[in-house]
Amino acid sequence: MRKKSNTHLKPEWIEPIYSSVAEKSKDCVLMDCTVLYNSPRALASSHIKVARDNGFNFAPIVIADGERGREEMMIKVDGKIFDEVRVGGALEDYDSLLVVSHMTGHLGAGYGGALKNVGMGLGNKAGKMEMHKAFRLKIRRRECIACEKCVEDCPVDAIKIKSSRIPGISESANIDQDRCVGCGGCVGTCPEGAIKIPWTAAPRKELQRRIAEYAKGALKDKNALFINFLLNITKKCDCVNEKQRPMTDDIGVLISNDPVAVDQASLDLIGKRTFQLRELIDPEIQIKHGEKIGLGERKYELTEL
Ligand code: SF4
Ligand code: SF4
């Protein structure tokens, strides 16, 4: 059994923030989207259960892309890569976002902070597929038990059960890549985790740029404030679902109305090299690209409160 993350943001840190906002806005909710990979958080109902089980019991929770991650709102962006991004449909109902992020390293994107929390976090499953350029899902036939759950779930009948030539496996699921529209739903539906995402289809630099453009879309026409927690700063993000040791001392909490500035300041305080997990990942790419597309500025001034 895998060990649970022990360094994620604690509910007792978030509750006072939520309460102070909820005093002024009765429609205030905690919001997230489903994840793309195979996890209880791949479905809205079980995602909410995970949050409740971890102590987030003080507020309504909205999973913006719906039960299977297919509800979406298309937003035009003037990006260098995307003209349009696909975010969770319920985002349309809210005009303000208070983005609370845990600063951590990240194996794909270099680091996770405000930009990644908004960009990847609010993309629906199809949006997450686009950010990862994960357009060709693969089924590991040895793990497939031909249960047909993915067949029933696919909205475009792109999956069929076919006989297999692999010794010991009579039949398995098969994806028709020409029919697949990249909704990503089947990945979380498979009880065996047999449907694999080509995580490295987008090189890391490009993944970071794509995340920044999604963040721009999700924030379009919203009032937004960003809070980065520089506490329990770990090498990998909280999603790895394993116990981790902090890489450095706790630093504090940063607040800004500029997502680029708050991430740049966070990275500078932690030290860019701390997150340079592999030589090839420059964690500043998403910040630089965010500035380039007009999401904010890398220049900042720190005021201690
Ligand atoms: S990702 Fe493709 S194969 Fe999977 S459910 Fe969506 S359309 Fe069907
Ligand atoms: S849901 Fe998974 S195990 Fe079931 S048929 Fe599809 S790929 Fe195979």
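All values reported here derive from a predicted model rather than from experimental measurement.

## Some details on the site of ligand 1
Item 1. Contacts to ligand 1 come from Arg70, Leu137, Cys154, Pro155, Val156, Ile159, Cys180, Val181, Gly182, Cys183, Gly184 and Cys186.
Item 2. Residues of the shell around ligand 1, tallied by class, amount to 9 nonpolar, 2 polar and 1 charged.

## Looking at the site of ligand 2
Item 1. Among the 13 residues in the neighbourhood of ligand 2, the closest are listed as Cys144, Ile145, Cys147, Cys150 and Cys190.
Item 2. Class assignment for the residues of the shell around ligand 2 results in 10 nonpolar, no polar and 3 charged.

## Overview of the nonpolar core
Item 1. With 41 residues, the main nonpolar core has Val85, Val87, Leu91, Val118, Leu122, Leu207 and Phe226 as its most contacted residues.
Item 2. Of all the elements in the fold, those that place two or more residues in this core are β3 (72-76), β4 (84-88), β5 (96-102), α3 (114-122), α7 (204-219), β12 (223-230) and α8 (259-270).
Item 3. In terms of residue count, α7 provides more of this core than any other element does, 6 residues in total.
Item 4. Among all residues touching Leu207, those that are not within four sequence positions of it are Gly108, Ala109, Met120, Met131, His132 and Ala202.
Item 5. Counting 18 residues, the second largest nonpolar core, distinct from the first, contains Ile139, Ile159, Ile175 and Cys186.

## Some words on the domain arrangement of the chain
Item 1. We note that the domain assignment places domain 1 (11-132 + 203-292) and domain 2 (138-196) within the chain.
Item 2. For domain 1 versus domain 2, the distance between C-alpha centres works out to 30 Å.
Item 3. At the interface, 9 residues of domain 1 touch 13 residues of domain 2.
Item 4. Carbon and sulfur atoms supply 50% of the area buried between domain 1 and domain 2, which totals about 840 Å² over both sides.
Item 5. Ranking the residues of domain 1 by area buried against domain 2 places Asn38, Arg70 and Met129 at the top, with a combined share of 55%.
Item 6. Seen at the junction of domain 1 and domain 2, the total is 2 salt bridges.

## Quick word on the environment of Ile211
Item 1. Turning to its location among the elements, Ile211 is positioned in helix α7.
Item 2. According to the relative accessible area criterion, Ile211 is buried, its value standing at 0%.
Item 3. Counting along the chain gives 91 residues from Ile211 to Leu302, while the straight-line C-alpha distance between them is 25 Å.
Item 4. Not counting the four nearest positions on each side in its chain, Ile211 is found in contact with Ala109, Leu115, Lys116, Gly119, Met120, Met131 and Gln286.

## Here's the deal with the packing of α3 against α7
Item 1. The contact between α3 and α7 brings their axes to 7 Å, and the two run at 80°. Overall, the two elements α3 and α7 adopt an arrangement that is roughly perpendicular. Every residue of α7 that contacts α3 at Leu115, Lys116, Val118, Gly119, Met120 and Leu122 is listed here: Leu207, Ile211, Tyr214, Ala215, Ala218 and Leu219.
Item 2. Residue composition of the contact of α3 with α7, by class: 10 nonpolar, 1 polar and 1 charged.

Reading the values: rules and limits
Residues numbered from 1 in each chain as written. Chains lettered and ligands numbered in written order. Predicted model: local features only at pLDDT ≥ 70, side-chain atom pairs only at ≥ 80, totals over all residues. Heavy atoms only, no water. Near = heavy atom within 4 Å. Nonpolar A, V, L, I, M, F, W, Y, C, P; charged D, E, K, R; others polar. Core = buried A, V, L, I, M, F, W, Y, C linked by side-chain atoms within 4.5 Å. Buried < 20%, exposed > 50% of the residue type's maximum accessible area, 1.4 Å probe, protein only. Helix = DSSP H or I, 4+ residues; strand = E, 2+ residues; numbered from the N terminus. Contact = heavy atoms within 4.5 Å. Domains from an automatic or database assignment. Buried area = accessible area lost by both parts, 1.4 Å probe. Salt bridge = Lys/Arg side-chain N within 4 Å of Asp/Glu carboxyl O. Axes fitted to C-alpha atoms, helices over the stretch in contact; angles between N-to-C directions. Parallel < 35°, antiparallel > 145°, perpendicular 65-115°, else oblique.

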